[in-house]
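This is what each chain is made of:
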Amino acid sequence: MTAPILLTGGTGTLGRRVLPCLRAAGATVRVLSRHEHEPTDGVEYVLGDLATGRGVAAAAAGVRTILHCAGTAKGDDHKARALVEAATDAEHVVFISVVGADQDSFGYFAAKSAAERIIAESGTPWSTLRATQFYDSILAVVRQLAKLPVIPVPAGFRFQPVDTDEVAARLAGLALGAPAGLVPDLAGPTVHELADLVRDYLAVTHRRRPILPVRLPGKAARAFRAGVNLAPDQPLGRRSWAMFLADRSSRC
């Protein structure tokens, strides 16, 4: 029997999209999860927690390929180390990182950068894809902002969000192929001002709110104004923010 692909973060926003891509290609999948789930055709769930290391070695036993999609606001470096230390049978680790991980060293970007290094230096062949923010993540932000009577928007912040399904398809392809190292970034087709993303959301939800630009201080704000999170010259996703909102308009 072919060894299963171990998928971390398989119940999250990205992992839920990756799973059917792998199954459509005929792969069997083992999903590392902190909670119990019933198995389905070609998919088994194994209890484990990357934050503590509990159950990770058992989940990785006999696995040749690992697709690491479990990401959080902090601690990604510690989780990457727990994974590679347990993955003694692995021959390929695929990691989803973020555009900007190589350009600055603060917060989320620093943790992603550290996780990249841990995987690259683990001795196991690897592939890493850096992507921009997902439309789903941007939607969650603008939805919360739209609840306010006046919407404060960081001045000069730009985003190039990408469709989650396009990232999932790219990751599945990497997991099914040979190790490729650092592959070209994946970004959405358009760079948007954050204020425009908010305006688009307000339009599809038929709301009117004043938008107040706010210039934020600090290193992180300067980096965002400089475009640390953008990749305008890299291979671009095809699905636009407008298309995403149109599909989601009944649920926005």
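Residues numbered from 1 in each chain as written. Predicted model: local features only at pLDDT ≥ 70, side-chain atom pairs only at ≥ 80, totals over all residues. Heavy atoms only, no water.

(A) Layout of the packing of helix α3 (residues 76–86) against helix α4 (residues 107–120). Direction vectors running N to C along α3 and α4 enclose 15°, while the axes themselves pass 7 Å from each other. With respect to α4, the element α3 is oriented roughly parallel. Crossing angle aside, the handedness with which α3 passes α4 is right-handed. Packed against α3, whose contacting residues are Asp76, Asp77, Ala80, Arg81 and Val84, the element α4 presents Tyr108, Ala111, Lys112, Ala114, Ala115, Ile118 and Ile119 at the interface. (Axes fitted to C-alpha atoms, helices over the stretch in contact; angles between N-to-C directions. Helix = DSSP H or I, 4+ residues; strand = E, 2+ residues; numbered from the N terminus. Parallel < 35°, antiparallel > 145°, perpendicular 65-115°, else oblique. Left-handed = near helix turned anticlockwise from the far one by under 90°. Contact = heavy atoms within 4.5 Å.)

(B) The arrangement of the environment of Arg34 in detail. Within the secondary structure, Arg34 is located in the loop between β2 (29–33) and β3 (43–47). A relative accessible area of 55% means that Arg34 is categorised as exposed. The sequence separation of Arg34 and Thr11 amounts to 23 residues, and the corresponding C-alpha distance is 9.7 Å. Sequence-distant contacts of Arg34, defined by excluding residues within four places in its chain, comprise Leu47, Gly48, Asp49 and Arg54. (Buried < 20%, exposed > 50% of the residue type's maximum accessible area, 1.4 Å probe, protein only.)

(C) Quick look at the sheet that holds strand β6 (residues 126–131). Pairing is parallel across the open sheet formed by seven strands, whose spatial order is β3-β2-β1-β4-β5-β6-β9. Strands at the two margins of the open sheet, each flanked by one partner only, are β3 and β9 (181–182). The sheet contact formed by β6 and β9 spans two bridges and is parallel. Each residue of the ladder has a partner; that of Ser127, found in β9, is Gly181. (Pairing = 2+ DSSP bridges.)

(D) α3, seen in detail. Of the residues making up α3, those classed as buried are Asp76, Lys79, Ala80, Ala82, Leu83, Val84 and Ala86. Summarising the contacts, the buried residues of α3 are in contact with β1 (5–8), α2 (56–60), β4 (65–68) and α4.

(E) Expanded view of the pairing of β1. Side chains Ile5 and Leu7 project from β1 onto one buried face, and the interleaved Leu6 and Thr8 project onto a second face that is buried too. Pairing analysis gives four bridges linking β1 to β2, with the strands arranged parallel. The residue bridging Thr8 from the neighbouring strand is Leu32, located in β2. The β-α-β motif built from β1, the intervening helix α1 (residues 15–24) and the parallel element β2 has right-handed crossover chirality. Of the pairings in the sheet, the one linking β1 to β4 comprises four bridges and is parallel in character. When the sheet's bridge partners are listed, Thr8 is paired in β4 with His68. (Right-handed = clockwise from strand over helix to strand, strands pointing away.)

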